Amino acid sequence: MKGLVAKPPWPGSAAAAGLASCHVCDRVAPVAERHCPRCGAHLHTRKKESIQRTMALLVASMIAYVPANMMPIMVVEQLGGGTEANTIIGGVITFWEMHAYPVAITIFVASVIIPILKMIALLWLCAAAGGWVRIDGRRLTRIYWLTEVVGRWSMVDVFVVAVMVTLIQLGNLMVIHPGPAALAFAGVVVLTMLAAMSFEPRLLWDRAKAGRKQLRKAREGEE
Amino acid sequence: MSGGAGCGNGDEVKHLEAWPRVEREQLAVCHFCDALHEAPAVEEGTAVVCSNCGSALYRNQPASLDRAVAFGMAALLLMVVAQGFPFISLSANGMVSGMTLTGASLSLAREGSHLLAAGVAFCTMIAPSALAAGLVYVCLPLRWGKAWPGARGVALWLYRLEPWAMVEVFFLGAVVSLLKLVKLADVSIGVAFWALGAVMFCLAAAIAGIDRRELWDRLEVALQK
Ligand SMILES: [Zn+2]
Ligand SMILES: [Zn+2]
């Protein structure tokens, strides 16, 4: 696809001009109108209280992450034998020992690495947007994009539980029940997705711009 | 504004021009860095990018309406196939157990995990089907420059629903489960498995087929008539 670089009608952000683009239909309208004249969605230059909301959802997801890892995600009931409760990490270790490496790695990446990286990334983004960490807007924007795209894949373990519970109903052999961690883990994924959605990436560029302005002022002061 | 004639007799005319737009000052704002830009009408196969951060502002996809409608309809049909046929079946020691897509949610509900069952049903069946149906409902009449009743509301909900349609993630989950089960029993893959794989592809192609700015610009023109 050919690329065409758009021309700014005048330099500066849309917010400075009192304009906002609709998050649903992309129509640009004055923020003062409050609702998009085209699709009726709520208009805002910056998502309201973005950092607070993102942090609240992030903290909730971190809390849910504890039972998601401590409690069993699947309970295997060997009829005639005992029952065996599997945690997420326990499952990964079992499959590693069984030499089922693709399964072990997929579950480890989707259930452990992605959620943790996503939480760290969102924490970092909030810190950067709040001005506590120095930032490079372009790189952070890319990280934000990554959290939005990759986060959903964590849900894979919940679906694995759904499939296993349904399939392993082999009467006299064994039965699999979903454990409490399945719901907790689904909660973690949904909460981090909501956290990413309530984050406002444009806050990062506001910071970057403010930083450049300050730097310029400081330099002018020196001269 | 150019391109108004292109959509009426779309069968003969090659869509090499811009999509129809309502006449006003056309602006675009970068969703990442908030830089304000003029939004020129572009011909098919052109993406307009932000001058500040380089991310795409919008793009004119070739044959966008046809693609959205065709892939959307295909996704819906395949979804029906995926519901009606076995997904995976498993046999061990003479016992056979099968599974359908609906069965996955139902068995979770039977185990008492109603919330989880509802979530799985929503992400794997309800959201993807609604997404495909909504896209067809909006885009099909747009081919003739028309809008069916409630099209504005449908389009509004389309984009809110999008992140929650997780067919591809469920598909990966099914593959992982298969790899787990191969060691335990004889596993056979059913028609629904391939159907769902195709749903995954069609849904992604349908959504990527039309830029939302184009969809809304066309819808706005249609609603003004
Ligand atoms: Zn709008
Ligand atoms: Zn930009």
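What counts and what doesn't
Residues numbered from 1 in each chain as written. Chains lettered and ligands numbered in written order. Predicted model: local features only at pLDDT ≥ 70, side-chain atom pairs only at ≥ 80, totals over all residues. Heavy atoms only, no water. Helix = DSSP H or I, 4+ residues; strand = E, 2+ residues; numbered from the N terminus. Buried < 20%, exposed > 50% of the residue type's maximum accessible area, 1.4 Å probe, protein only. Contact = heavy atoms within 4.5 Å. Buried area = accessible area lost by both parts, 1.4 Å probe. Salt bridge = Lys/Arg side-chain N within 4 Å of Asp/Glu carboxyl O. Polar contact = N/O pair within 3.5 Å; in protein donor to acceptor, adjacent residues only side chain to side chain. Nonpolar A, V, L, I, M, F, W, Y, C, P; charged D, E, K, R; others polar. Donors = N, O, S within 2.8 Å, 3.2 Å for Na, K, Ca; no water. Tetrahedral: all angles 85-135°; square planar, octahedral: opposite > 155°, others 65-115°. Domains from an automatic or database assignment. Axes fitted to C-alpha atoms, helices over the stretch in contact; angles between N-to-C directions. Parallel < 35°, antiparallel > 145°, perpendicular 65-115°, else oblique. Left-handed = near helix turned anticlockwise from the far one by under 90°. Pairing = 2+ DSSP bridges. Core = buried A, V, L, I, M, F, W, Y, C linked by side-chain atoms within 4.5 Å.

### Structural notes on the overall build of chain B
Scanning chain B from terminus to terminus reveals seven helices and seven strands. Going from the N terminus to the C terminus, chain B shows its helices and strands as β-β-β-β-α-β-β-α-α-α-α-β-α-α. With respect to the three principal axes, the spread of C-alpha positions in chain B is 70 × 40 × 30 Å. Counting over 225 residues, chain B shows a buried share of 53%. At a minimum sequence separation of 6, the contacts of chain B that also span at least 24 residues come to 63%.

### So, the interface of chain A and chain B
Listed by partner, the interface residues are 76 residues for chain A and 76 residues for chain B. Interface area for chain A against chain B, summed over the two sides, is near 6,600 Å², with a carbon-plus-sulfur share of 70%. Of all residues in chain A, the largest losses of buried area upon contact with chain B belong to Arg 38, Phe 159 and Leu 167 of chain A, amounting jointly to 11% of the total for that side. We note a salt bridge from Arg 38 of chain A to Glu 220 of chain B, for which the minimum N-O separation is 2.9 Å. Taken together, chain A and chain B are joined by 20 residue pairs in polar contact (both at pLDDT 80 or more). Those elements that provide at least two residues to the side of chain A that touches chain B are β1 (2–5), β2 (19–21), α3 (101–130), α4 (137–150), α5 (156–167), β6 (174–178), α6 (180–198) and α7 (202–222) of chain A. A breakdown of the residues in the side of chain A that touches chain B according to their chemical character gives 53 nonpolar, 13 polar and ten charged.

### A few points about the coordination of the zinc ion (ligand 1)
Residues and elements named next belong to chain A. Taken together, the protein ligands of the zinc ion (ligand 1) are Cys 22 (SG), Cys 25 (SG), Cys 36 (SG) and Cys 39 (SG), with distances of 2.2 to 2.3 Å. Angles of 100 to 115 degrees at the metal separate the four donor atoms of the zinc ion (ligand 1), which places the site in the tetrahedral class. Mapped onto the polypeptide sequence, the residues donating to the zinc ion (ligand 1) form the spacing pattern C-x2-C-x10-C-x2-C. Taken as a pair, Cys 22 and Cys 25 share a single burial class, namely buried.

### Observations regarding the domain arrangement of chain A
By domain assignment, chain A separates into domain 1 (13–45) and domain 2 (46–222). Centre-to-centre, using C-alpha coordinates, domain 1 of chain A lies 31 Å away from domain 2 of chain A.

### Brief notes about the domain arrangement of chain B
Residues and elements named next belong to chain B. Each assigned domain of chain B is listed with its residue range as follows: domain 1 (1–62) and domain 2 (64–223). Placing a centre on the C-alpha atoms of domain 1 and another on those of domain 2 gives a separation of 29 Å. The interface is formed by 17 residues belonging to domain 1 together with 15 residues belonging to domain 2. Here domain 1 meets domain 2 over a buried area of about 1,400 Å², counting both sides, of which 44% is carbon and sulfur. Remark: the boundary between domain 1 and domain 2 carries one salt bridge. As a salt-bridge pair, Arg 24 and Glu 220 come within 3.1 Å of each other at their nearest N and O atoms.

### Some details on the packing of helix α3 (residues 114–142) of chain B against helix α6 (residues 191–209) of chain B
Residue and element names in this part refer to chain B. The interhelical angle for the contact between α3 and α6, taken along N-to-C directions, is 45 degrees, at an axis separation of 11 Å. For the element pair α3 / α6, the angle class is oblique. Considering how the two elements wind past one another, α3 and α6 form a crossing that is left-handed. Within the contact between the two elements, α3 uses Pro 128, Leu 131, Ala 132 and Leu 135 and α6 uses Leu 203, Ala 206 and Ile 207. For the contact of α3 with α6, the class distribution of residues is seven nonpolar, no polar and no charged.

### Here we look at the sheet that holds strand β4 (residues 56–60) of chain B
In space, the three strands of this open sheet follow the order β1(A)-β3(B)-β4(B), with mixed pairing throughout. Strand pairing shows two members of the sheet lacking a second neighbour, β1 of chain A together with β4 of chain B, which therefore form its edges. Here the strands of the sheet are splayed against their neighbours by 25 degrees on average, with no regard to which way each runs. As paired strands, β1 of chain A and strand β3 (residues 46–49) of chain B are joined by four bridges and run parallel to one another. Residue pairing in the sheet places Lys 2 of chain A in a bridge with Thr 46 of chain B of β3 of chain B.

### Structural notes on the nonpolar core
Buried together is how nonpolar side chains tend to be arranged in soluble globular proteins. Ranked by internal contacts, the top residues of the largest apolar core, which has 135 residues, are Cys 39 of chain A together with Phe 87, Leu 215 and Trp 216 of chain B. At 13 residues, the largest contribution of residues to this core is made by α3 of chain B. Every residue in contact with Leu 215 of chain B, bar those within four places of it in the chain, is listed here: Leu 135, Val 138, Cys 139, Leu 142, Ala 155, Tyr 159 and Ile 210 of chain B. Core analysis: the next-biggest nonpolar cluster, separate from the first, contains six residues, Leu 19 and Val 28 of chain A together with Leu 27 and Val 29 of chain B among them.

### A short note on the sheet that holds strand β6 (residues 95–99) of chain B
In spatial order, the strands read β6-β5-β7 (chain B); together these three strands make up an open sheet with antiparallel pairing. Where the open sheet ends on each side, the last strands, each with one partner, are β6 and β7 (186–189) of chain B. Adjacent strand axes in the sheet meet at a mean angle of 15 degrees when their direction is disregarded. Bridge count between strand β5 (residues 88–92) of chain B and β6 of chain B: five bridges; the pairing is antiparallel. Its bridge partner being in β6 of chain B, Ile 88 of chain B is matched across the sheet by Met 99 of chain B. Sheet strands touched by α5 of chain A: β5 and β6 of chain B. Its angle to β6 of chain B, the strand with the most contacts, is close to 140 degrees.

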